[in-house]
Amino acid sequence: MRLLRPNLTLRRRMALPVAPVTDPQTNVLPPAREGNTALRWIKENLFSSLFDSVLTIISLLFLFFALRLALDWVFNLAQWDVITENINILMKGAYPSDQVWRIWLGLYLLGAIVGINLRAWNRELNRTTIAIAAIPLILALLPFASENARINLIIIQVTSAAAYLLTSILGDKRRRQLAAVMSILYIPVFILLLEGFTDEDGIMPLVKSDLWGGLLLSVLLATVGIIFSLPLGIVLALGRRSRQPAISALCITYIEVVRGVPLISILFMGNIMLQLFMPQSLPPIDRVVRVMMAITLFTAAYMAEIVRGGLQAIPKGQYDAAYALGFSGLKSMRVIILPQALRIVIPVIVSQFIGLLLDTTLVALVGLFDLLGIGQAILSNPNWLGRSQEVYVFIGLIYWILATSMAFASQRLEKNLGVGRNYDESQ
Amino acid sequence: MSAFYGSSIRSSWWLWSRLSWFFLYSNMVTALRTQKEVPISYDFLHDTAGFNLGESAIAFTCTDPIHRAMLVGLLNTFKVSITGIALATLLGTFIGVMRLSTNFLVSKIAWAYINVFRNIPPLLLLIFWYRAVFLKLPRVQEAIVFFDPVFPIYIANRGLFFPWGTPTESWSTYRWILLAGFVLAVFVAYRLRQHGKRTGRMPLVSLWFAVILLVVTLLGYVILPDPLEITKPALKGFNIRGGATLSLEFWGLLFVLVIYAAAYIAEAVRAGILSVDRGQREAARALGFSSFNIMRLIILPQAIRVVVPPLISYAIGFTKNTSLGLAIGYTDFFAITGGLILNNTGRAVETLTIILLVYLTISLIASLILNMYNRRIMLSH
Amino acid sequence: MNRNSAPARTEDPIIICRDVQKWFGKYHALKGISMEVMPQEVIVIFGPSGSGKSTFIRTINRLEAHQSGQIIVDGIELTHDVRNIERVRMETGMVFQQFNLFPHLTVMQNITYAPMYNRKWHRSKAEKVAMELLERVGIPEQAEKYPAQLSGGQQQRVAIARALAMQPKMMLFDEPTSALDPEMIKEVLDVMIELAQSGMTMIVITHEMGFARAVADRLFFFDEGLVVESGTPDELFNFPKEERSKQFLAQILSH
C-alpha cells in the first residue's frame, strides 16, 4: 500500500529531523500567570477588555444608585409600623384570636410531618435538609416575631426534631409508609382543625371559611389545589391517551379549554356558576370552597399535561417488559409506569406549585382575603392611608422568599434524591 | 396505549362520564329555571350598553350596543398585548444576552432580574405599581415635564401626555411619498434577495429596507410644507390640552406585564443560545467565518428554532394576563365582559361562555401558528 | 485539486511549532510540543485520552490559544491579531470527531457557505466545486438532504468535503472515525487515504493504525502533554524505544 505514494515519504523522512523528545518528569513547568488568584479573577471576569471594563463600571454605578435608593427607602422613608401592627392579620386573616391555637396545632403537626419525611426520604442529614428542617427556628429568630409566635415556632421545631428521631426507630420501608400516609392525611386533618365542628360550646367551635385569610389562606389554596388536582390530572392524562375517541376528545377538550383561558375567568365561573351545577337540595357552598374547587379544576388541566410529559418520558421498553411479565394493562400502568412517570415529574410539580401560589393572589379579585386581599383591606383603613408601598413590598417579599426557597430546596432535593431525572440518565 | 384500559374499565368510565355530565347539566338547567326564570339567550348583546368607556380605539358611546363594547374591550386587549409582546421580546432578549455575558456583574444583574420577577405574583406587581407608584404621581397642574419645549412629555396621575401630529393639506401628498418609499424599499429588498441568492452571500436585507424607508420618510417630511401639524401638550387651566394621551392604566398594565414576561423570555433566549452545540461555533470558526457571520448564519438560525415555541406560548400567556387589567380598571376584554357587562345584565352563563370562546379562539390561533412553525422546522431538519 | 503531478512548491515547513505550552487553569495540558510539518506530509498523532493531542491540533488553527511557545502556520505566526487568524483558518481545513455539520443547512449549503462568504466565490462556482467534492467523497446524490437524514459515515464525508471546499493548504483531523460505527469507518478512511495520496498536507489524530501504516509519513505518540516518541511507522511499530509507547501500541494493535 505504501507503494501508492512513491518517493514522497522517503524523501521527506530523510529531510526532516525527528521532533525533540522531552521527558515529562524533568520538564514540568508551573502554570502560566500564577499570582494573586483574586486579582486574576477580577481581571478575567470584570476587566478582560475595554468593553468589559465599561460594562463593569456601568453595572457598578447602577448597583450603587439602586442600592442607595433601596436602603434609603427601607431604613429612612418607609414606616414599618403598618406591618408590625397588622402582622397577625396578614398571617391569618380574620380567624378568631381565641382559636388561633388550632392553627398552631396544625403547624406542630406540619413540623412533625416534615421531620418524618426528611427521615424517610433522606439517608442522612446534609446542609439542605438541615436548612429546611430549621425553618421554624429561623423564623423564631426574626426581629418582628412576637413572644407568642416565638414560643410556638420553637415548639414546632422541637416537634419536628422529635418526629425525626422517633422515625429513626422504624425500618426503611416502614418510615416511607408512615411518611406517605401522614402526608396524605395531613391536609384533611388540617382543614378539619381550622373548620371545627358545629357544636357552639365545644372545644373547637365552627370557624367559617369566610374568616380564613392572609398567608394561611394563600398557602392553603395552593396546597389544596396541587394535592386535589393530582389525581384528577392523572385521570385526564390517561384519558387523553385513551383509544376511545369519545373519552380522549372529552379530556383533550377539557385540558385545552382550561389551559386556553385566564385563571381569573375560571375563578369567576367557580364563583358564579359552580352553584348552578349542584343539586338544589344541597346547601350553598361557601366562597372559599368554591374558589378551592375552581383552582383545583384549573390546575388539573396543567397537571394532566405534566403527567403526560412524564408518561412520554418512559421508554417503550418498560411497557414491553411489564407485558412480558404478565401484568394486565391497568395493573402495569399502576404498578410499573405511573410510579416512574410521577417520580420524573416531581420537580415540575414543585414549580407548578410555586406558580400556583403566586397565582392565588387572583382570588383577591373575587373577594377573598388572601395575603394580597388582606393587604388591600388594611390599606382601605384610613389609619394606614399612604402606606401602600410598605404593605405591597412586604407581601412581595413574603412571596419571593417562599417561592425562591421552595425552588432552591426542590433543586437540592432533586440532586440528593435523584428524583426528576430522566429514565436514561439514571441508568 | 389502548391496551392499558381493560374493556370493562373502558365502558364503565364512558358510562360514568356521560352520567356525570348529564347530572351536572340537568342541575344547571333546573337551577336556571327555578332560580332566575331567564332562559339562556344571547339577544342582550344587541341592547344598548348604558355605560361609557374612557379607553377606546373606536368610537363608542353609551347608546352603542353591548357587542360593540365587547369589541372595544377586545381591541384594548390587543393594544396592550401586541405592544407588550414586542417590547417584552426585546427586553427579554436583551436580558437573556446579559445573562450569558462573560462579565460577572452584568450576568448577575440579569440573574437577579429574572429571579425577582419570576418569583413575585404579577398581580401584586401590577397593584403595587399602579397604586403605590403611578397614583402617587403629581396632579395635572404639577405634572412632571420632560424635554420641554422641543418634545414635551407630561407625566401626571391622569396619564402620559405627548406631542402628536394631526394631518394638514399636504398630508395626502406625503401619504403618496410614504407609499412610494415603501414600494421602493420592498423593491430594493427583493432585488437584494435575488442578488444574494445568485451570489450565495445574503446581504443585510432588512437593514437596507429600514434605511430606505427612513430616508424617504425624512426626505418627504423635509421637502413638503409640514404634512403633519405637531401639537404639543400644554397646561391650560386644570387640564392638559393638545398632543395625545395614554392612560396610566394602560401604562401600568403594559409596564408590569412586559417586565414579568421579559423574565421568562430571557430564560428562553438564554436556553436557546446555549442549546446550540459548542461544536457548531468551533466548526464555523475553523472554516474562517467572522464572529458576526457565525452569529448571523450559524448560531441564531439554530437558536431561534428553540426560542420561538416557548415565545409563542408566552405570547398566549401575555394575552391571557391582560385580564389582570381588571384589578386596576383597565378596560380590557375581560374587565368589560366579565366585569361591566356581567354586572349590568346579570347574564353569567352567557358572558362567561363568550369569554371562554374568545380566549379559546385566541389560544387556538396561536397554537395553530405554533404547530405550523414546528412542522416547518421538522421539514427542514 | 490534483497536486500529485505538481512539483513540491517549497521545502520550507508549512507548520512550525516550537515548545508550545497550554494550561487550562492549573492543569498543564501541553508541556512543550515541538513539531515541523512539510508540505504534502501526512502526520498521525496518537496517544491515550487526555494526552493533549486534541488540544494540540486545535492550537494549530487557534481554536485553543497557546500560552507560550511559537506556532507558525503557512508563514503566519499565530498571535492575538484577529485578521491573521481568520486567514490561517481559511487555509486549514478541520474535521471533527462529532462532524459538527450545521443541522439547519442542507449538505450543499453546508459545503458552499464558507467559500461563498469567506472566499467571496460566486454561488455557481461554489456549487460546482461542492458537487465535484461530493462526487469525490462518493455521495453526490445527497446534496439536497439535511445532515440529520444521513448516516454517520456520510455526515463525516460531507464534513471532509466542507473543509476541502475552502481549498485549504492543510487538513486537520481530530479523531474523525471514533464516533462512527465500525462498518462506516472504512468509507471515511478510504476518502482520507485518497486525500493523502493526492498530496494533501494532513495532521490526523487517530488510532486506526492500518491508516497510519498506509499513508503516514511520521507518527507522534503523545502522553501527558508531551511527545513521548516519534518516527516513521516502521520505526514506531517495529522498534518502539519508550516503554509507554510499547505498552500503548500493544494495547491498540491487539484489537
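Our structure's up above, just so we're on the same page.
Residues numbered from 1 in each chain as written. Chains lettered and ligands numbered in written order. Predicted model: local features only at pLDDT ≥ 70, side-chain atom pairs only at ≥ 80, totals over all residues. Heavy atoms only, no water.

**Observations concerning the overall build of chain C**
What counts here: Where helices and strands are cited, they refer to DSSP runs of H or I of at least four residues and of E of at least two residues respectively, numbered from the N terminus. Within these notes, the globule rule equals 2.2 Å times the number of residues to the 0.38 power, and the radius of gyration is based on C-alpha atoms. Contact between two residues is taken to exist if any of their heavy atoms lie within 4.5 Å; hydrogens are not considered. The convention is simple: Lys and Arg are positive, Asp and Glu are negative, and His and the chain ends are not counted. Taken as the charge centre is NZ of Lys, CZ of Arg, CG of Asp or CD of Glu, depending on the residue.
The secondary structure content of chain C amounts to 9 helices and 10 strands. Against the 2.2 N^0.38 benchmark of 18 Å for 255 residues, chain C shows a C-alpha radius of gyration of 18 Å, consistent with a compact globule. For chain C, the C-alpha atoms occupy an extent of roughly 55 × 45 × 40 Å along the three principal directions. Across chain C, the fraction of contacts at a sequence separation of at least 24, relative to all contacts at a separation of at least 6, is 67%. Here chain C contributes 28 positive and 32 negative side-chain charges, whose respective centroids are spaced 6 Å apart.

**Brief notes about the sheet that holds strand E4 (residues 68-73) of chain C**
All names here are of chain C. Stated precisely, the cut-off is as follows: Between any two strands, pairing holds if DSSP finds at least two bridges.
An order of E2-E1-E4-E5 is seen for the 4 strands of this open sheet, with the pairing classed as antiparallel. Sheet topology places strand E2 (27-37) and strand E5 (76-77) at the edges, where each strand pairs with a single neighbour. The sheet contact formed by strand E1 (residues 15-24) and E2 spans 8 bridges and is antiparallel. Each residue of the ladder has a partner; that of Ile15, found in E2, is Val37.

**Concerning the side chain of C:Glu64**
Inclusion rule: Remark: exposure states derive from per-residue accessible area (1.4 Å probe, protein chains only) relative to the maximum for the residue type, with buried under 20%, exposed over 50%, and partly exposed in between.
As for its position among the elements, C:Glu64 is in the loop between helix H1 (53-60) and E4. Note on C:Glu64: relative accessible area 15%, which makes it buried.

**With respect to the packing of aromatic side chains**
Quick reminder of the rule: Between the rings of Phe, Tyr and Trp (Trp by its six-membered ring), a pair exists once the centres lie within 6.5 Å; its type follows the angle of the planes, with under 30 degrees stacked, over 60 edge-to-face, and the other angles tilted.
Under the counting rule described, the total for this entry stands at 25 aromatic pairs over all chains. Relative to B:Phe209, the ring of B:Phe182 has its centre 6.1 Å away and its plane inclined at 85°; by these criteria the two rings are edge-to-face. Residue B:Phe182 is found in helix H5 (residues 171-199), and its partner B:Phe209 is found in helix H6 (residues 205-223); the two are separated by 27 residues along the sequence. Look at B:Phe182 and you get partly exposed, because its relative accessible area is 41%. When the centroid spacing of 6.0 Å and the interplanar angle of 25° are considered together, the rings of C:Phe46 and C:Phe248 count as stacked. In this pair, C:Phe46 sits in strand E3 (residues 42-46) while C:Phe248 sits in helix H9 (residues 243-253), placing the two residues 202 residues apart along the sequence. C:Phe248 carries the same exposure label as C:Phe46, and that label is buried.

**Side note on the pattern of salt bridges**
Here is the rule: Salt bridge, as used here, is a side-chain nitrogen of Lys or Arg placed within 4 Å of a carboxyl oxygen of Asp or Glu.
Tallied over the full model, the rule gives 25 salt bridges over all chains. Where A:Arg175 meets A:Asp172, a salt bridge forms, and the shortest distance between an N and an O atom there is 3.5 Å. Here the residue A:Arg175 and the residue A:Asp172 both occupy positions in helix H9 (residues 172-195), the gap between them amounting to 3 residues, near one helical turn. Judged by its relative accessible area of 11%, A:Arg175 is buried. The partner of C:Arg218 in a salt bridge is C:Glu41, and the shortest N-O contact between them spans 2.8 Å. Pair noted here: C:Arg218 is in strand E9 (residues 218-223) and C:Glu41 is in the loop between E2 and E3, with a separation of 177 residues, a long-range link. A residue is classified by how much of its surface remains accessible, and C:Arg218, at 7% relative accessible area, is buried. Via salt bridges that share partners, B:Arg278, B:Glu282, C:Lys22, C:Arg58 and C:Glu64 belong to a single interconnected network.

**What to know about the nonpolar core**
Applied cut-off: Residues belong to one nonpolar core when they are buried, are Ala, Val, Leu, Ile, Met, Phe, Trp, Tyr or Cys, and are joined through side-chain atoms within 4.5 Å.
Of all hydrophobic cores here, the largest spans 259 residues; its most connected members are C:Met171 and C:Met202. Looking at which element gives the most residues to this core, the answer is helix H7 (residues 248-275) of chain B, with 15 residues. With sequence-adjacent residues up to four places away left out, C:Met202 is seen in contact with C:Glu41, C:Val42, C:Ile43, C:Met171, C:Phe173, C:Met192, C:Leu195, C:Ala196 and C:Phe211.

**A few points about the packing of helix H4 (residues 122-133) of chain B against H7(B)**
All names here are of chain B. Applicable threshold: All axes are obtained by fitting lines to C-alpha atoms, using only the stretch in contact for helices, and the reported angles, taken between N-to-C directions, cover 0 to 180 degrees. Any angle that falls under 35 degrees is termed roughly parallel, while one over 145 is termed roughly antiparallel, one within 65 to 115 roughly perpendicular, and all others oblique. By convention, the crossing between two helices is left-handed when the near helix turns anticlockwise from the far helix through less than a right angle, and right-handed when the turn is clockwise.
Following both chains from N to C, one finds H4 and H7 inclined at 140°, their axes separated by 9 Å at the closest point. Taken together, the axes of H4 and H7 lie oblique to each other. Taken as a pair, H4 and H7 cross one another with a handedness that is right-handed. Contacts between H4 and H7 involve Pro122, Leu125, Leu126, Trp129 and Tyr130 from the first element and Leu248, Glu249, Gly252, Leu253, Phe255, Val256, Ile259 and Tyr260 from the second.

**So, the sheet that holds strand E1 (residues 144-146) of chain B**
Residues and elements named next belong to chain B. The strand order across the open sheet built from 4 strands is E1-E2-E3-E8, with neighbouring strands paired in antiparallel fashion. In the strand order of this sheet, the two ends are held by E1 and strand E8 (244-246), each with one partner. In this sheet, neighbouring strand axes are inclined to one another by 20° on average, regardless of whether the strands run parallel or antiparallel. The pairing of strand E3 (residues 159-162) with E8 spans 3 bridges and is antiparallel. Directly across from Leu160, in E8, lies its bridge partner Leu246. On top of the sheet, H7 reaches strand E2 (153-156), E3 and E8; it is set at about 50° to E8, its chief contact.

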